[in-house]
Amino acid sequence: MATLGSLERAIMDVLWDARKPLLVREVLVRLSEDRALAYTTVQTVAERLLKKGLLVRTPYRNAFRYAAAHSRDEHLSRLMLEALSASTDRLPVLARFAQSVEEADALALLEELSRRTGQSRSTT
């Protein structure tokens, strides 16, 4: 799973924020608030995202509606796991990550890990 280019990321952000699958022209309208783009450019990038497995599409009249294949949280989690898998020794990477995140995030992660392992955590 490669990182996204700026237009790919913008399209994903629009679709992640949408409450329903969108037509290319609806994506274009939401993107045109920030930049001028051609319909065909957005359509081409949406198709590229579809091939990467990041979007799904459903037929709608003579067009398609696009939606994110996974939530933003799932996507970011997959990116983090992919980055972690690049290391043959994960412990130093995990330790550096734990030392680098803000304290509130570290506590939230610790709580989730405790829940996953079935261990309770003291709040002292």
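That block above? That's the structure.
Undergrad: Residue-level account of helix α2 (residues 24-31), with values.
TA: Turn by turn, an α-helix covers 3.6 residues, leaving residues three or four places apart pointing in a common direction. Within the sequence span of α2, burial applies to Val24, Val27, Leu28 and Leu31. Within α2, the buried residues cover an arc of 100° as seen down the axis, which keeps them to one side. Opposite its buried face, α2 presents the exposed residues Arg25 and Val29, each directed more than 90 degrees away.

Undergrad: I'd like a description of the pairing of strand β2 (residues 55-60), backed by residues and values.
TA: Of the strand pairs in this sheet, β2 and strand β3 (residues 63-68) are connected by 6 bridges, and their pairing is antiparallel. Paired with Thr58 across the two strands is Arg65, which belongs to β3. Hairpin connection of β2 to β3: 2 residues between the antiparallel strands, including Arg61 at a positive phi of 50°.

Undergrad: Describe unusual backbone geometry, listing the residues and the values that go with them.
TA: Positive phi outside glycine occurs at Arg61, with the angle close to 50°. Looking at the element boundaries, Arg61 is found in the loop between β2 and β3. Looking at Arg61, the relative accessible area reads 75%, which means it is exposed.

Undergrad: How would you explain the packing of aromatic side chains if you had to name every residue and give the values?
TA: Taken as a whole, this structure holds 0 aromatic pairs when the rule is applied. Taking NZ or CZ as reference, Arg57 lies 3.9 Å from the ring centre of Phe64, over its face. Lying over the aromatic face of Tyr60, Arg65 brings its terminal NZ or CZ to 4.1 Å of the ring centre.

Undergrad: How would you sum up the sheet that holds strand β1 (residues 22-23)? Please name residues and give values.
TA: Taken together, the 3 strands give an open sheet; going across it, the order is β1-β3-β2, and neighbouring strands pair in antiparallel fashion. A strand with exactly one partner marks an edge of an open sheet, and here the two such strands are β1 and β2. The pairing of β1 with β3 spans 2 bridges and is antiparallel. For Leu23, the partnering residue across the bridge sits in β3 and is Arg65. Contacts from helix α3 (residues 39-51) reach β2 and β3, with the element oriented near 120° to β2.

Undergrad: An account of the environment of Arg9 is needed here, citing residue identities and associated values.
TA: Mapped onto the elements of the fold, Arg9 is located in helix α1 (residues 6-17). Each C-alpha atom of the pair Arg9 and Leu49 lies 9.8 Å from the other, and the pair is 40 residues apart in sequence.

Thresholds, definitions, all that
- Residues numbered from 1 in each chain as written.
- Predicted model: local features only at pLDDT ≥ 70, side-chain atom pairs only at ≥ 80, totals over all residues.
- Heavy atoms only, no water.
- Buried < 20%, exposed > 50% of the residue type's maximum accessible area, 1.4 Å probe, protein only.
- Helix = DSSP H or I, 4+ residues; strand = E, 2+ residues; numbered from the N terminus.
- Arc of directions from axis to C-beta.
- Pairing = 2+ DSSP bridges.
- Phe/Tyr/Trp six-rings, centres within 6.5 Å; stacked < 30°, edge-to-face > 60°.
- Lys NZ or Arg CZ within 6 Å of the ring centre and 35° of its normal.
- Contact = heavy atoms within 4.5 Å.
- Axes fitted to C-alpha atoms, helices over the stretch in contact; angles between N-to-C directions.

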